[in-house]
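Coordinates in review
Listed below, chain by chain, are the residues.
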Amino acid sequence: MTLIHLKTSYLEKFVHSQEAEQMRPLVEAANQELREGTGVGHDFRGWLDLPANYDHDEFKRIQAAAAKIKADSDVLICIGIGGSYLGAQAAIEFLHSSFPLQSNLPEVVFCGNSLSGTYLHDLITWLGDRDFSLNVISKSGTTTETSIAFRILKRLLVKKYGEKGAAERVYATTDRERGALKTEADAAGYECFVIPDDLGGRFSVLSAVGLLPIAVAGGDIEALMQGAAEARRDYADLSLTDSPYAYAVMRNILYRKGFVTELLENFEPNLRMLGEWWKQLMGESEGKDEKGIFPASANLTTDLHSLGQYIQQGRRNLMETMLWVKHPAADQTIPADAENLDQLNFLAGKTMNYVNEQAFQGVVLAHTDGGVPVMTLELPDTSEQTLGYVIYFFELAVGISGYLNGINPFNQPGVEAYKRNMFGLLGKPGYEDLHADLQKRLQD
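Residues numbered from 1 in each chain as written. Predicted model: local features only at pLDDT ≥ 70, side-chain atom pairs only at ≥ 80, totals over all residues. Heavy atoms only, no water.

Within the secondary structure, N31 sits in helix α2 (residues 24-36). Among the residues examined, N31 registers a relative accessible area of 10% and is labelled buried. Setting aside residues no more than four positions away along its own chain, N31 makes contact with L238, Y245 and I400. (Helix = DSSP H or I, 4+ residues; strand = E, 2+ residues; numbered from the N terminus. Buried < 20%, exposed > 50% of the residue type's maximum accessible area, 1.4 Å probe, protein only. Contact = heavy atoms within 4.5 Å.)

Pasting the structure below:
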């Protein structure tokens with residue numbers, strides 16, 4: 001029996017009963033390509049067996065490094081962009097209180113994911129005189145956003161601890177053998193962790209990329225991997241009900257009917273960053289060859305007061321996948337009030353989670369009636385086991401979904417276009433001709 005449950009019965013007015021079964025030969029072919037490595041992008045399927053085949057020796061080093069950081073640092077600054085930070089931040093928010101609590105754990109913060117000088121200035125100001133360590137995450141070591149932040153923060157680290165002390169507080173997650181960051185790490189003596197060659201960044205959260213910051217924040221990374229391993233076992237066989245295969249099939253059927261935007265929605269604020277991680281996973285995997293579902297996210301019921309009108313009565317090109325946590329981490333009981341000016345006494349004695357659940361059910365019915373296809377994915381709780389399971393669910397789903405749509409779900413050729421223009425405008429050596437051309441275009 002699976003840990004999480006996909007419900008597709010609300011799709012009855014949008015997907016005919018026989019359509020999913022008619023897709024079975026295509027799903028079987030896609031699954032065979034994925035499992036046997038005969039499909040495009042097959043060199044980047046390391047995530048498929050990672051929950052069972054990860055490097056156990058490195059895993060122990062990650063746990064030891066996390067223990068050291070907990071002992072000597074008030075703050076761990078993770079420097080990375082895209083898949084180098086989204087999964088870790090999503091996991092930390094998923095697993096922890098919405099507000100920082102007094103504890104003996106370091107605070108894990110993220111930077112190197114934008115080019116905002118204001119953000120980095122504010123981070124340094126906030127850091128003050130706290131003891132800190134750096135986890136720089138980049139396969140190449142030349143990613144512009146990450147490299148600039150690392151250069152600035154490294155200087156601050158050296159100023160505070162000296163060259164030797166600083167080197168003991170830098171943890172580099174990078175390529176096993178090559179690249180600018182690997183070269184620097186070897187020369188300076190940073191402890192290194194590996195981004196495997198067969199993992200794209202958006203599939204890397206269950207590697208050292210995500211595991212070190214998650215462990216520093218107090219997450220049980222053994223339970224996280226166990227949850228992913230359980231999903232790997234449960235989804236080894238193809239099923240078109242309550243599975244990533246069913247999710248991939250329904251998304252593709254709806255996409256072909258004109259539902260080209262998918263909203264991933266949650267009813268718990270600590271799932272907000274999970275939506276950000278999901279957007280990269282889906283968007284970077286499927287958005288190519290002028291095809292693909294556009295991924296967006298919303299936080300409910302919050303965003304019903306801003307997006308709800310559009311979802312209910314706007315263009316009918318939306319589908320929704322709603323995440324529901326069956327047993328949230330905590331609850332509050334609504335008290336009675338003698339004056340009842342807010343007219344809420346009809347809810348006295350009930351819990352906020354009960355009210356939230358009725359809102360969830362009401363939204364599903366209202367949006368379905370309004371012409372929006374809705375799927376729901378029920379999570380039992382916000383534990384590490386559940387999170388590992390959910391991560392694997394979506395990774396497998398997007399692999400199958402990409403092959404169903406006839407694209408390579410494991411590359412991302414389009415992300416280099418803005419970098420090339422940026423380097424040209426900045427005058428990076430080797431981009432001189434492009435610099436002149438772009439300047440002319442901007443002036444015209």
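This next bit is on the packing of helix α5 (residues 86-95) against helix α15 (residues 384-404). Interaxial distance between α5 and α15 falls to 10 Å at its minimum, and their mutual angle equals 145°. Viewed along their axes, α5 and α15 form a crossing whose handedness is right-handed. Each of A91, F94 and L95 in α5 lies in contact with α15, whose residues at this interface are E384, T386 and L387. (Axes fitted to C-alpha atoms, helices over the stretch in contact; angles between N-to-C directions. Left-handed = near helix turned anticlockwise from the far one by under 90°.)

We now examine the packing of aromatic side chains. In total, this model carries 19 aromatic pairs according to the counting rule given. Aromatic side chains Y235 and Y389 sit 5.6 Å apart centroid to centroid with 70° between the ring planes, which places their arrangement in the edge-to-face category. In this pair, Y235 is assigned in the loop between α10 (221-234) and α11 (244-256) and Y389 in helix α15, connecting sequence segments 154 residues apart. Owing to a relative accessible area of 2%, Y235 belongs among the buried residues under this scheme. Judged by relative accessible area, which is 0%, Y389 ranks as buried. Every member of this aromatic cluster is reached through a ring pair, and the members are W47, F203, Y392, Y403 and F410. Sitting over the face of the ring of Y161, R169 holds its NZ or CZ atom 4.0 Å from the ring centroid. Looking at K428, its charged tip hangs above the ring of F423, at a distance of 4.0 Å from the centre. (Phe/Tyr/Trp six-rings, centres within 6.5 Å; stacked < 30°, edge-to-face > 60°. Lys NZ or Arg CZ within 6 Å of the ring centre and 35° of its normal.)

Counting 91 residues, the largest nonpolar core has W47, L212, Y247, W277, F394, L396 and I400 as its most contacted members. Sort the elements by how many residues they give to this core and α15 lands first, with 13 residues. Leaving out residues up to four positions away in the same chain, W47 has contacts with L34, D198, L199, F203, Y392, E395, L396 and F410. With 23 residues, the next largest nonpolar core counts L120, L153, A172 and A185 among its residues. (Core = buried A, V, L, I, M, F, W, Y, C linked by side-chain atoms within 4.5 Å.)

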